[in-house]
Amino acid sequence: MAHGNPRRRKGVFFIDTVKEHEQTEVNGKVVFTLGEEKYGIEIACVKEIMKWAKPTGLPQMPDAISGVIKLRNEVIPVISLRRQFGLPDVDRQADTKIIILEIDAVFVGINVDDVDEVVEVPGSAVEISNRFTGKTDVIKGIAKMEDYLLILIDIRVLFGADVLERISEEYN
């Protein structure tokens, strides 16, 4: 169930309903795809969704960091979730999206294949992932949606305090 039409401004996508969900639905998730799988992250962390902008590469950075972009005069690191999750790069990078997140006052972009929708995930639809995923803390659970399974990512675990601190020191 897609909500509203995105507005455009110089390559930046604003989802009109993000703020509505943020105010009314504590379980709101932004759904994005990597390959054939759908993932969900907390809507409260999402600040914007933009089309692909080629990051400026930086030497001696971890492979998952694609580089940095300038957005409203801020330098924001962009992390490839494909690389972070051990997936191969896509053929047409220009078709991908960057989700700008704010985590503990630190801005970071994540590069994903596409952004699908904003959904409400009832707690009753979520299975705790430990039974399926073993030791990983990155996956909070798996939501049984009407037409698909949604892998719920804990973005704060994915980008732990040490990573956020390093990003904050280097880019802010």
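Model, not experiment: these values are computed from the prediction.

Definitions and limits used
Residues numbered from 1 in each chain as written. Predicted model: local features only at pLDDT ≥ 70, side-chain atom pairs only at ≥ 80, totals over all residues. Heavy atoms only, no water. Phe/Tyr/Trp six-rings, centres within 6.5 Å; stacked < 30°, edge-to-face > 60°. Lys NZ or Arg CZ within 6 Å of the ring centre and 35° of its normal. Buried < 20%, exposed > 50% of the residue type's maximum accessible area, 1.4 Å probe, protein only. Helix = DSSP H or I, 4+ residues; strand = E, 2+ residues; numbered from the N terminus. Pairing = 2+ DSSP bridges. Axes fitted to C-alpha atoms, helices over the stretch in contact; angles between N-to-C directions. Contact = heavy atoms within 4.5 Å. pLDDT = per-residue confidence, 0-100. Salt bridge = Lys/Arg side-chain N within 4 Å of Asp/Glu carboxyl O. Polar contact = N/O pair within 3.5 Å; in protein donor to acceptor, adjacent residues only side chain to side chain.

Undergrad: Requested: an account of the packing of aromatic side chains, with residues and values cited.
TA: Scanning the entire structure with this criterion turns up 2 aromatic pairs. Lying across the ring of Tyr148, Lys38 places its NZ or CZ 5.4 Å from the centre.

Undergrad: Quick one: what's the story with unusual backbone geometry, residue by residue and with numbers?
TA: Notably, Asp104 is not glycine yet its phi reads approximately 50°, a positive angle. Exposure remark for Asp104: the relative accessible area of 54% places this residue in the exposed category. In this model, Ala105 sits at a positive phi of 65°, which is unusual for a non-glycine residue. Within the secondary structure layout, Ala105 lies in the loop between strand E8 (97-103) and strand E9 (106-112). Accessibility expressed as a relative area gives 59% for Ala105, which makes it exposed.

Undergrad: I'd like to hear about the sheet that holds strand E13 (residues 149-153), residue by residue, with values.
TA: Overall, mixed pairing links the 6 strands, which are arranged E10-E3-E4-E13-E12-E11 in an open sheet. Of all the strands in the sheet, just strand E10 (114-120) and strand E11 (126-128) have a single pairing partner and so form its edges. Put simply, the sheet's adjacent strands are angled 35° from each other on average, direction ignored. Alignment of strand E12 (residues 139-144) against E13, held across 5 bridges, turns out to be antiparallel. Following the sheet pairing, Ala143 is matched in E13 by Leu150.

Undergrad: Pulling in residues and values, what's your account of the side chain of Lys29?
TA: Looking at the secondary structure, you find Lys29 in strand E3 (residues 28-34). If sequence neighbours within four positions are ignored, Lys29 has contacts with Gly40, Ile41, Glu42, Ile43, Glu117, Val118, Val119, Val121, Lys140 and Leu152.

Undergrad: Tell me about the confidence of the model for the chain, and please be specific about residues and values.
TA: Across the chain, pLDDT averages 81, with 73% of residues at or above 70. Predicted confidence for residues 1-25 stays below pLDDT 50, and this span has 45 contacts to residues more than four positions away or in other chains.

Undergrad: Which residues make up the pattern of salt bridges, and what values do they have?
TA: For the coordinates displayed, the defined rule picks out 11 salt bridges. Between Asp113 and Arg82 there is a salt bridge, and its shortest N-O distance comes to 2.8 Å. Highlighted residues: Asp113 in the loop between E9 and E10 and Arg82 in helix H2 (residues 81-84), separated in sequence by 31 residues. When sorted by exposure, Asp113 lands in the same class as Arg82, which is buried. In this structure, Lys97 engages Asp114 in a salt bridge whose closest nitrogen and oxygen atoms are separated by 3.4 Å. Placement of Lys97 in strand E8 and of Asp114 in strand E10 is noted, with a sequence separation of 17 residues between them.

Undergrad: Describe the environment of Asp113, naming the residues involved and giving the relevant values.
TA: Owing to a relative accessible area of 15%, Asp113 belongs among the buried residues under this scheme. Between the C-alpha atom of Asp113 and that of Gln93, which follows or precedes it by 20 residues, the distance is 8.2 Å. Excluding residues within four positions of it along the chain, Asp113 makes contact with Thr33, Leu34, Gly35, Arg82, Val90, Asp95, Thr96 and Lys97. Among the polar contacts listed, one links the side chain of Asp113 to the backbone nitrogen of Gly35, at a separation of 2.6 Å.

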